[in-house]
Amino acid sequence: MDSIIVTGNGPLNGQIPIAGAKNACLTLMPATLLSEEPLTLTNAPRLSDIRTMSALLQSLGAEVSQLQDGKVLAMSSHALDNHRAEYDIVRKMRASILVLGPMLARDGHAVVSLPGGCAIGARPVDMHLRALEQLGAEMDLRDGYVHARAPKGLKGATVEFPFASVGATENLLMAATLARGTTQLKNAAREPEIVDLARCLERMGAQIQGAGTDTITVQGVDRLGGATHPVVADRIELGTYMLAPAVCGGEVECLGGNLELVGTFVDKLQEAGVEVSQTQAGVKVARRNGRVRAVDVTTAPFPGFPTDLQAQMMALMCTAEGTSVLEERIFENRFMHAPELMRMGARIDVQGGVATVTGVERLKGAPVMATDLRASISLILAGLAAEGETIVNRVYHLDRGYERVEEKLSGVGAKIERVNEQ
Ligand code: UD1
């Protein structure tokens, strides 16, 4: 199993290229199931989650080819010869549930394993299922699988989500493109991934209004065609690398980044005393002197502070001046990085969904354990600013969501290496 060793090595300076968004790509890929014609995605990130989604689509009968070293995904779902998404693949990745809406909309039936529990909370899919029922699907839960049928096809309806779920909005948006009549999605998620999905579906011939607002209207069409679509830049990778010079000092330009993708996250960085600016090539971030100031953060749906940047922000707050309160409102049990950061000398008190962090002058390197994707990178950021060596174990989580992380960080002067411990 691989580990990553990082050593605090002073300020970071230079440029980091930002890849296409993992989460956007994971919802754009199942969109291929909606059409018999090819869908090609460019600017795809090269990550293990993308390979898992490829395997899932292939198991359903889709063809998926990775071209240009994996940066281009050429997909075709001419005929689906299997409508069953097996537990063995689905359990690896919750986003697998996104094949349900498209298969149901296209062929009127689908069987998908329930994703099951996950390290960052219960994460049920009830909202996906209830909303598809409102479009006329019949759902039956048996043997750990959702058996969904819509023998007469899906029918447009007004769906109001109890919470602006990203995945449920994506599943329903895809399903609604082929439903008869008009579907209105209320309290829809507004994340940039939703906008990117809508743009891609429009390229395929879908009729969609309001993506990026809380009400999306879809006029169903009989069939969708093929398209080529560039995956939007990864706002979480962007935010993570914006935090790197904030944690370590220095100046880093994140190439291909756009401040519009990170919502109010920027305000929090600036409040902490970090300089942020949009440049022609991307986003420039600098921290020149002294420690950052402690700021309070509450995670919220877009454009609020993203839950997927909470762990990394905590790494920054560990050495801030003052005390910061980080409140996690999207997932329960998403502070597993806190005890690991405490092994490095951080002062953190977790009470339910609230973590209080009292900044210390400097963290100290230690062996730590990565518990999930974002926790892993927060430990790397903390290690880069710590005194001595930090060994981050179980980094397979990292490879799910960060492409070439050692290369990108060493490119700006970080001392970081991967070791393979058999
Ligand atoms: C997506 C992202 C994930 C991010 C999250 C929130 C992908 C592949 N993953 O996950 O990285 O952290 O958005 O920005 O895009 N919920 C229910 N019932 C449902 C659906 C969700 O109770 O049917 C709950 C979840 O347990 C969670 C909250 O709603 O507490 C938010 O989940 P959701 O927005 O759906 O996140 P995902 O789409 O799973």
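Quantities reported herein were computed from a predicted structural model and do not represent experimental measurements.

Parameters and conventions
- Residues numbered from 1 in each chain as written.
- Predicted model: local features only at pLDDT ≥ 70, side-chain atom pairs only at ≥ 80, totals over all residues.
- Heavy atoms only, no water.
- Helix = DSSP H or I, 4+ residues; strand = E, 2+ residues; numbered from the N terminus.
- Rg over C-alpha atoms; globule rule 2.2 N^0.38 Å.
- Buried < 20%, exposed > 50% of the residue type's maximum accessible area, 1.4 Å probe, protein only.
- Contact = heavy atoms within 4.5 Å.
- Pairing = 2+ DSSP bridges.
- Near = heavy atom within 4 Å.
- Polar contact = N/O pair within 3.5 Å; in protein donor to acceptor, adjacent residues only side chain to side chain.
- Areas by Shrake-Rupley, 256 points an atom, 1.4 Å probe, with all protein chains shown as cover.
- Nonpolar A, V, L, I, M, F, W, Y, C, P; charged D, E, K, R; others polar.
- Axes fitted to C-alpha atoms, helices over the stretch in contact; angles between N-to-C directions.
- Parallel < 35°, antiparallel > 145°, perpendicular 65-115°, else oblique.
- Left-handed = near helix turned anticlockwise from the far one by under 90°.
- Core = buried A, V, L, I, M, F, W, Y, C linked by side-chain atoms within 4.5 Å.
- Phe/Tyr/Trp six-rings, centres within 6.5 Å; stacked < 30°, edge-to-face > 60°.
- Lys NZ or Arg CZ within 6 Å of the ring centre and 35° of its normal.
- Salt bridge = Lys/Arg side-chain N within 4 Å of Asp/Glu carboxyl O.
- Domains from an automatic or database assignment.
- Buried area = accessible area lost by both parts, 1.4 Å probe.

Participant: Explain the overall build of the chain here, please?
Facilitator: Along the chain, the regular secondary structure elements total 14 helices and 24 strands. Relative to the 2.2 N^0.38 estimate, which gives 22 Å for 422 residues, the radius of gyration of the chain is 21 Å and therefore close to what a compact globule would have. Projecting the C-alpha coordinates of the chain onto the three principal axes gives extents of approximately 65 × 45 × 40 Å. Counting over 422 residues, the chain shows a buried share of 57%. Relative to all contacts within the chain whose residues are 6 or more apart in sequence, the contacts with residues 24 or more apart total 74%.

Participant: I would appreciate a short explanation of the sheet that holds strand 9 (residues 145-149) in the present structure.
Facilitator: Whenever strands of a sheet pair, they do so through backbone hydrogen bonds, lying parallel or antiparallel. Strands sit in the order 6-7-9-8 across an open sheet of four strands; the sheet is mixed. Edge strands, defined here as strands with exactly one partner in the open sheet, are strand 6 (84-85) and strand 8 (138-142). In terms of strand pairing, strand 6 meets strand 7 (residues 109-113) through two bridges, oriented parallel. Looking at the pairing, Ala85 lines up with Val112 of strand 7.

Participant: Looking at this structure, I do not really get the site of the ligand. What am I missing?
Facilitator: Around the ligand, 18 residues are found, and the nearest of them are Asp126, Met127, Ser165, Asp308 and Ile330. Side-chain polar atom of Asp126 to a nitrogen atom of the ligand: 2.6 Å apart, as the coordinates give it. For the ligand, whose accessible area on its own is 740 Å², the fraction buried by protein is 86%. Those elements giving two or more residues to the shell around the ligand turn out to be helix 5 (126-134) and helix 6 (166-177). Looking at the shell around the ligand residue by residue, the classes come out as eight nonpolar, five polar and five charged.

Participant: Help me out: how do you make sense of the sheet that holds strand 23 (residues 389-393) in this one?
Facilitator: Here we have four strands laid out as an open sheet, ordered 22-23-1-24, and mixed in their pairing. Two strands lie at the open edges of the sheet, namely strand 22 (367-369) and strand 24 (415-420), each paired on one side alone. Strand after strand, the sheet turns through a mean of 25° between neighbouring axes, direction not considered. Relative to strand 24, strand 1 (residues 2-7) is paired through six bridges, and the arrangement is antiparallel. Looking at strand 24, one finds that Ile5 is bridged to Glu417. Sitting on the sheet, helix 12 (residues 373-385) is in contact with strand 1, strand 22, strand 23 and strand 24, with an inclination near 30° to strand 1.

Participant: Teacher, can you tell me more about the packing of helix 5 against helix 6 here?
Facilitator: In a pair of packed helices, the angle between the axes and the distance between the axes together describe the arrangement. The N-to-C vectors of helix 5 and helix 6 enclose an angle of 30°; their axes lie 8 Å apart at closest approach. Comparing the axis directions of helix 5 and helix 6 gives the class roughly parallel. The way helix 5 lies across helix 6 gives a crossing that is right-handed. Packed against helix 5, whose contacting residues are Met127, His128, Ala131 and Leu132, the element helix 6 presents Gly167, Ala168, Asn171, Leu172 and Ala175 at the interface. By residue class, the composition of the contact of helix 5 with helix 6 is six nonpolar, three polar and no charged.

Participant: Which parts of the structure should I look at to understand the nonpolar core?
Facilitator: Note that soluble globular proteins tend to have their nonpolar side chains buried in a common cluster. Judged by nonpolar contacts, the single largest core of 78 residues is most densely connected at Val99, Leu173 and Leu201. Ranked by residues supplied to this core, first place goes to helix 6 with six residues. Every residue in contact with Leu173, bar those within four places of it in the chain, is listed here: Leu185, Ile194, Leu197, Ala198, Leu201, Ile208, Ile216 and Val218.

Participant: Quick question: what am I supposed to make of the packing of aromatic side chains here?
Facilitator: Note on aromatic pairs: each is described by the distance of the centres and the angle between the planes. What the rule picks out here adds up to two aromatic pairs. Sitting over the face of the ring of Tyr145, Arg84 holds its NZ or CZ atom 4.1 Å from the ring centroid.

Participant: Looking at this model, I keep getting lost on the pattern of salt bridges. Mind explaining?
Facilitator: A side chain of one charge can pair with a side chain of the opposite charge when the charged atoms of the two come close. With the rule as written, the count across this model stands at 25 salt bridges. Residues Glu193 and Arg235 are paired through a salt bridge, measuring 2.7 Å at the closest nitrogen-oxygen approach. With Glu193 in helix 7 (residues 192-203) and Arg235 in helix 8 (residues 235-248), this pair connects stretches of sequence that are 42 residues apart. Of the charged contacts, one joins Arg404 and Glu407 as a salt bridge, the two residues approaching to 2.6 Å between their closest N and O atoms.

Participant: Is there a simple way to explain the domain arrangement of the chain in this structure?
Facilitator: Accessible area lost upon the coming together of the parts serves often as the stated size of an interface. Each assigned domain of the chain is listed here: domain 1 (2-19 + 233-420) and domain 2 (22-230). Computed from C-alpha coordinates alone, the two centres of domain 1 and domain 2 are separated by 31 Å. Each partner contributes residues to the interface: domain 1 has 24 residues there, and domain 2 has 20 residues. Approximately 1800 Å² of surface area, both sides summed, lies buried where domain 1 meets domain 2, with 52% of it carried by carbon and sulfur atoms.

Participant: Looking at this model, I keep getting lost on the side chain of Thr7. Mind explaining?
Facilitator: On the secondary structure map, Thr7 appears in strand 1. Each residue touching Thr7, except ones within four places of it in the same chain, is listed here: Gly383, Leu384, Gly388, Glu389 and Lys415.

Participant: Which parts of the structure should I look at to understand helix 4 (residues 100-107)?
Facilitator: Note on helix geometry: an α-helix contains 3.6 residues per turn, so any two residues three or four positions apart are oriented the same way. When you tally the buried positions in helix 4, you get seven out of eight residues, the bulk of the element. Those residues of helix 4 that fall on the buried side of the exposure criterion are Leu100, Gly101, Pro102, Met103, Leu104, Ala105 and Arg106. Contacts made by the buried residues of helix 4 are with strand 7, helix 5, strand 8, strand 9 and helix 6. Count one or two residues on from helix 4 and you reach Gly108, which has phi positive near 80°.

Participant: When you look at unusual backbone geometry in this model, what are you seeing that I'm missing?
Facilitator: Most peptide bonds take the trans form, and the phi angle of most residues other than glycine is negative. Residue Pro303 is reached from Phe302 by a cis peptide bond, and omega for that bond is 5°. Within the element layout of this structure, Pro303 appears in the loop between strand 18 (297-298) and helix 10 (310-317). Its identity as a non-glycine residue notwithstanding, Asn333 has a phi of 60°, on the positive side. Following the sequence through the fold, Asn333 ends up in the loop between strand 19 (323-327) and helix 11 (337-343).

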